[in-house]
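Observations on the model geometry
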Amino acid sequence: MESIFHEKQPSGNMDDSGFFSIQVISNALKVWGLELILFNSPEYQRLRIDPINERSFICNYKEHWFTVRKLGKQWFNLNSLLTGPELISDTYLALFLAQLQQEGYSIFVVKGDLPDCEADQLLQMIRVQQMHRPKLIGEELAQLKEQRVQKTGLERVLEVNDGTGVLDEDEEDFQRALALSRQEIDMEDEEADLRRAIQLSMQGTSRNRCQDIPQTSGSHPTSEELRKRREAYFEKQQQQQQQQQALPGQLTHLCEKSSTSSEAPDRDLGDSMSEEDMLQAAVTMSLETVRSNLKTEGKK
């Protein structure tokens, strides 16, 4: 057994930090009927025991000790530097121990019947499922410190931009109100266009009716009626000009006819009768022209 414990150890069995030598731990375990065997010793390696068939391992690096123990049917890393026990699967146990050896740890197998404990009894009935691996205490403290720094920086940013945040909210409210206002304006424009279309449609219908039904003196004339009235006025002017141009010839013809048919003895009396006939004829023609124009305008 002395060859098993042949390792470089500190000169003393303990120090002020609470460190104990392997000799002290080995003697303490003997009280419980337990024995320590070096995991990578030739004597133990010849036994070719699968690590999962053991019950416990004690690991040491410099001045730090921790235990890897089987509780119930599952293995746990009980390192005090972690925030809690770390679940180790059976398939990962041998790899975990080999990794510890690569890091310089000395591993000891605890042989014998371990004392009963409440955790072992409970985990004999149930199995544990670990969702998140526990972190190192220093790592967790560093993360908490970083989170505090980030939170403090974020709070400062929020304090600096507090007014800007309010302005952003006000601007969002303004944009919503502006969008609603635009929607209302668009609806009003659509309603106005609809009213204009209806009004134009009604005007077109009334215009068609006005073309079929003569307008009374009290109604407002349409553009079509005004056009017809202007045409009638110009036609009337042209007729009057033509009549004025033809009036001297008609008067001459009437004068010749009157002088031929008249047998009055007195020449002065014949001349005066001819002038009266001419005047009467002119008046009669003017009256006929006015009646004809009135009839034409009434028909239109």
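This structure is a prediction, so every number in the text was calculated from the model and none was measured.

Within the span of helix 1 (residues 22-30), buried status applies to Ile22, Ile25, Ser26 and Leu29. Angularly, the buried residues of helix 1 cover 100 degrees about the axis, an arc narrow enough to put them on a single face. The inward-facing, buried residues of helix 1 contact strand 1 (35-38), strand 2 (56-61), strand 3 (64-71) and strand 6 (106-111).

Once that is clear, we can look at the environment of Cys59. For Cys59, the location among the structural elements is in strand 2. With 50 residues separating them along the chain, Cys59 and Val109 place their C-alpha atoms 8.9 Å apart. Non-local contacts of Cys59, meaning those with residues more than four positions away in its chain, are made with His64, Trp65, Phe66, Val68, Leu100, Tyr105, Ser106 and Ile107.

Here the second largest pocket is characterised by a volume of approximately 240 Å³. What lines the second largest pocket is a set of 14 residues, and nearest its centre among them are Asn77, Asn79, Phe96, Leu100 and Arg133. Ranked by the residues each element gives to the lining of the second largest pocket, the list is headed by helix 3 (residues 90-102), at four residues. Looking at side-chain class alone, the lining of the second largest pocket contains eight nonpolar, three polar and three charged residues.

For the rest of this paragraph, the subject is the nonpolar core. In this structure, Phe57, Val68, Leu97 and Leu100 are the most contacted members of the largest nonpolar core, which totals 16 residues. Counting only elements with at least two residues in this core, the list comes to strand 2, strand 3, helix 3 and strand 6. Per element, the largest residue contribution to this core is four residues, and it comes from helix 3. Excluding its chain neighbours within four sequence positions, the residues that come into contact with Phe57 are Phe39, Pro51, Phe66, Thr67, Val68, Trp75, Leu93, Leu97, Ile107, Phe108 and Val109.

Attention now goes to helix 3. Buried within helix 3 we find Leu93, Phe96, Leu97 and Leu100. The buried residues of helix 3 occupy an angular sector of 95 degrees when the element is viewed end-on, so they sit on one face. The outward face of helix 3, more than 90 degrees from its buried face, is lined by the exposed residues Thr91, Leu95 and Gln102. Elements that come into contact with the buried residues of helix 3 comprise strand 2, strand 3, strand 4 (74-78), strand 5 (86-88) and strand 6.

Attention now moves to the pairing of strand 4. The buried fraction of strand 4 is high, at four of five residues. The pairing of strand 3 with strand 4 spans five bridges and is antiparallel. Directly across from Lys70, in strand 4, lies its bridge partner Trp75. The antiparallel hairpin formed by strand 3 and strand 4 contains two residues in its connecting segment, where Gly72 sits at a positive phi of about 70 degrees.

Moving on, we come to the pattern of salt bridges. By the definition in use, this model includes three salt bridges. Residue Glu54 pairs with Lys111 through a salt bridge whose shortest N-O separation is 3.0 Å. You can see Glu54 sitting in the loop between helix 2 (42-47) and strand 2 and its partner Lys111 sitting in strand 6, a full 57 residues away along the chain. Residue classification places Glu54 among the buried residues on the basis of a relative accessible area of 5%. The class for Lys111 is partly exposed, based on a relative accessible area of 24%. One salt bridge in this structure joins Arg55 and Asp120, with 3.7 Å as the shortest N-O distance. Separated by 65 residues along the polypeptide, Arg55 in the loop between helix 2 and strand 2 and Asp120 in helix 4 (residues 118-125) bring together distant segments of the chain. Judged by its relative accessible area of 28%, Arg55 falls in the partly exposed class. Given the relative accessible area of 11%, Asp120 is considered buried.

Moving on: the packing of aromatic side chains. Across all of its chains, the model carries seven aromatic pairs by this definition. Judged by centre distance (5.6 Å) and plane angle (35 degrees), the rings of Phe57 and Trp75 are tilted. In this pair, Phe57 is assigned in strand 2 and Trp75 in strand 4, connecting sequence segments 18 residues apart. Like Phe57, the residue Trp75 is buried in the burial classification. Seen from their ring centres, Tyr92 and Phe96 are 6.0 Å apart, and the 45 degrees between their planes marks the pair as tilted. Of the two residues, Tyr92 and Phe96 are both situated in helix 3; the distance of four residues between them amounts to about one turn of the helix. Ring-pair connections join several aromatic residues into one group, and the members of that group are Phe39, Tyr44, Phe57 and Trp75.

The rules behind the values
Residues numbered from 1 in each chain as written. Predicted model: local features only at pLDDT ≥ 70, side-chain atom pairs only at ≥ 80, totals over all residues. Heavy atoms only, no water. Buried < 20%, exposed > 50% of the residue type's maximum accessible area, 1.4 Å probe, protein only. Helix = DSSP H or I, 4+ residues; strand = E, 2+ residues; numbered from the N terminus. Arc of directions from axis to C-beta. Contact = heavy atoms within 4.5 Å. 1 Å grid on protein atoms, 1.4 Å probe; cavity = no way out; pocket = protein on both sides within 12 Å on 5 of 7 lines; lining within 4 Å. Points joined across faces, edges and corners; volume = space filled by probe spheres on them. Nonpolar A, V, L, I, M, F, W, Y, C, P; charged D, E, K, R; others polar. Core = buried A, V, L, I, M, F, W, Y, C linked by side-chain atoms within 4.5 Å. Pairing = 2+ DSSP bridges. Salt bridge = Lys/Arg side-chain N within 4 Å of Asp/Glu carboxyl O. Phe/Tyr/Trp six-rings, centres within 6.5 Å; stacked < 30°, edge-to-face > 60°.

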